[in-house]
Amino acid sequence: MSGLTTPSAAIPFPRLRLWLPAVPVLLLVAYLVLMDNGAVSQTGAFLHELMHDGRHLLGVPCH
Amino acid sequence: MVRTLLVRGLWAGLLAGLIAGGFAFAFGEPHVDSAIALEEAAAPPAHEPAGSSAHGSDEPAAQASGEAAPHDHGHDHGEEAVVSRPVQKAGLFLATGLYGLAVGGVFALVFAGLRGRVGPRSDGRLALATAGAAFTAVVLVPFVKYPANPPAVGDPATINDRTLLYVVIVLVGLAATAIAVATARRASSADPWVRWVAAAGGFLVPVIAAWMLLPGVDEVPGGFPATLLWEFRIASLGTQVVFWAAFGVLFGWASDRVSARHAATTRPATAPPTSPTTSSTPPSPASSS
Ligand SMILES: [Zn+2]
């Protein structure tokens, strides 16, 4: 609770920059879950079909 | 510090994704099932009988007859051939969990950048505000233009175009949110009302322009039950509401605890500004879960 009023200090940008390589990795995961149709995953329709219901319910275009 | 926030973001995202998956399973799956039933009833006799769950024996036959290749692109209604419905329902949790993991990680890094620079000064409040902004940008803005559709709605031939448009509207939502925040910051000395109106304008102008300029997608087949479409869309929106609400609370709580501990360990640093406050760099591995 005390945290709700504790002001927080900015994290220096050089320190943040160290973690930027994680972003493309995370976006690739999101892409494979939401949008891949076999082109990147090389699993044919398998990955698409496995994630199928999630795609529809997360509102992403699907067939 | 950044690593700790990232790890918390991944955990909070995974957990929120599984919670949203539970909601989607309970309130969305019945509509998915209904839509697939309609899809199969409407389809002409397919190359495989509907509901052939023993795909292990069917697949070689399909490949032998040269029908496997077209499945790579917008498949028709034959999903049971590759992954059975029960497995797809389990895959729902895998999908929302991985989605949460990815979103949570990116969110945590953005949060680390915003912290102390933009928005509320406390971690818990900043997490809730950022989660609300993210929900608006990546869910509400796209939903108004390209609402979620159940199976049997949508032309497989246009899947690439629709996916591209969807990505564009998500990027518009994110950019408009960034513009609104930057506008509010720039007008920080102005009257609060002026600031809010400026921020709202900075958000709404690009969003409304995109809503008007991007091509619409209207692929609901004639005769598709309007109630089913409506209920599916509400369930889909509800899944996202649950995800972002759960994630905002979980990450806010976790980041508050991080900052409280961080403040406790760095408190002595208030006297000499020269002391290297490196205690944020190596958080002990055991404490990061
Ligand atoms: Zn699909």
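Since we're looking at a predicted model, the values are computed, not measured. Numbers given for residues are sequential positions, taken from 1 along each chain in its written order. Written order decides the labels, with chains lettered from A and ligands numbered from 1. Given that the model is predicted, a residue must reach a pLDDT of at least 70 before its local features are reported, and side-chain atom pairs must reach 80 or more before they are shown or counted; all residues, however, enter totals for whole chains, interfaces and linings. Values shown for side chains rest on all heavy atoms present in the structure; no hydrogens or waters enter the calculation.

S.K.: Please clarify how the overall build of chain B should be interpreted in this entry.
M.R.: Where helices and strands are cited, they refer to DSSP runs of H or I of at least four residues and of E of at least two residues respectively, numbered from the N terminus. For chain B, the count of helices and strands is nine helices and zero strands. When the helices and strands of chain B are read in sequence order from the N terminus, they spell out α-α-α-α-α-α-α-α-α. Counting over 289 residues, chain B shows a buried share of 44%. Only heavy atoms matter for contacts: two residues are in contact if any of them lie within 4.5 Å across the pair. When contacts within chain B are restricted to residue pairs at least 6 apart in sequence, long-range pairs at least 24 apart make up 84% of them. Every accessible area reported is derived by Shrake-Rupley at a probe size of 1.4 Å, with residue values counting cover from the shown protein chains alone. Total accessible area computed for chain B in this model is approximately 14000 Å², and 70% of it derives from carbon and sulfur atoms. For the exposure calls, accessible area comes from a 1.4 Å probe over protein chains only, and a residue counts as buried if that area is under 20% of its type's maximum, exposed if over 50%, partly exposed in between.

S.K.: Just to check I follow, could you spell out the overall build of chain A for this structure?
M.R.: When you go through chain A residue by residue, the secondary structure sums to four helices and zero strands. Within the span of chain A, comprising 63 residues, buried residues form 52% of the whole. For chain A, the exposed surface amounts to about 3000 Å²; the carbon and sulfur share of it is 76%.

S.K.: Looking at this model, I keep getting lost on the UniProt feature "transmembrane region" (unreviewed entry) in chain A. Mind explaining?
M.R.: UniProt positions are given in the numbering used here, feature names are shortened, and annotations may be inferred rather than shown by experiment. Per the UniProt record, "transmembrane region" (unreviewed entry) is annotated on residues 16-34 of chain A. Segment residues 16-34 of chain A splits into 79% helix and 0% strand. End C-alpha atoms: 27 Å apart.

S.K.: Is there a simple way to think about the environment of aspartate 256 of chain B in this case?
M.R.: Within the fold, aspartate 256 of chain B resides in helix 9 (residues 226-266). In this structure, the C-alpha to C-alpha distance between aspartate 256 of chain B and proline 156 of chain B, residues 100 residues apart in sequence, is 45 Å.

S.K.: What is the right way to look at the packing of helix 2 (residues 29-42) of chain B against helix 5 (residues 85-114) of chain B in this model?
M.R.: A pair of packed helices can be characterised by two numbers: the angle between their axes and the separation between those axes. All names here are of chain B. Axis definition: a line fit to C-alpha positions, over the contact stretch in the case of helices; interaxial angles, taken between N-to-C directions, run 0 to 180 degrees. One can describe the packing of helix 2 onto helix 5 by two numbers: an axis separation of 12 Å at closest approach and a directional angle of 145°. The handedness of the crossing between helix 2 and helix 5 comes out as right-handed. Each of Glu29, Val32, Asp33 and Ile36 in helix 2 lies in contact with helix 5, whose residues at this interface are Arg85, Lys89 and Leu92. Charged residues are taken to be Asp, Glu, Lys and Arg, nonpolar residues to be Ala, Val, Leu, Ile, Met, Phe, Trp, Tyr, Cys and Pro, and polar residues to be all remaining types, Gly included. Looking at side-chain class alone, the contact of helix 2 with helix 5 contains three nonpolar, no polar and four charged residues. Each crossing is labelled by how the near helix is turned from the far one, with a counterclockwise turn of less than a right angle marking it left-handed and a clockwise turn marking it right-handed.

S.K.: I tried to follow the packing of helix 7 (residues 159-186) of chain B against helix 8 (residues 192-213) of chain B on my own but got confused; where do I start?
M.R.: Residue and element names in this part refer to chain B. Running from N to C, helix 7 and helix 8 point in directions that differ by 160°, and their axes come no closer than 8 Å. When the axis of helix 7 is compared with that of helix 8, the two are roughly antiparallel. The two elements helix 7 and helix 8 meet at a crossing, and its hand is right-handed. Of the residues in helix 8, those touching helix 7 at Ile169, Val172, Gly173, Ala176, Thr177, Ile179, Ala180, Thr183 and Ala184 are Arg195, Ala198, Ala199, Gly202, Phe203, Pro206, Val207, Ala210 and Trp211. In terms of residue class, the contact of helix 7 with helix 8 is built from 13 nonpolar, four polar and one charged. The labels follow the angle: roughly parallel below 35 degrees, roughly antiparallel above 145, roughly perpendicular from 65 to 115, and oblique for the rest.

S.K.: Looking at this structure, how should I read the interface of chain B and chain A?
M.R.: How large an interface is tends to be reported as the accessible area lost when its parts come together. Tallying the contact residues gives 65 residues for chain B and 42 residues for chain A. With both chains or domains summed, chain B and chain A bury close to 4600 Å², and 68% of this area falls on carbon and sulfur atoms. Salt bridges are defined as contacts in which a side-chain nitrogen from Lys or Arg sits within 4 Å of a carboxyl oxygen from Asp or Glu. The interface formed by chain B and chain A includes one salt bridge. In this structure, the salt-bridge partner of arginine 85 of chain B is aspartate 53 of chain A, at a minimum N-O distance of 3.0 Å. Mapped onto the side of chain B that touches chain A, the elements with two or more residues apiece are helix 1 (2-27), helix 2, helix 4 (79-82), helix 5, helix 6 (123-145), helix 7 and helix 9 of chain B. Ranked by residues supplied to the side of chain B that touches chain A, first place goes to helix 5 of chain B with 18 residues. Counted by class, the side of chain B that touches chain A contains 30 nonpolar, 20 polar and 15 charged residues. Buried area: the sum, over both parts, of the accessible surface (1.4 Å probe) that disappears when the two are put together.

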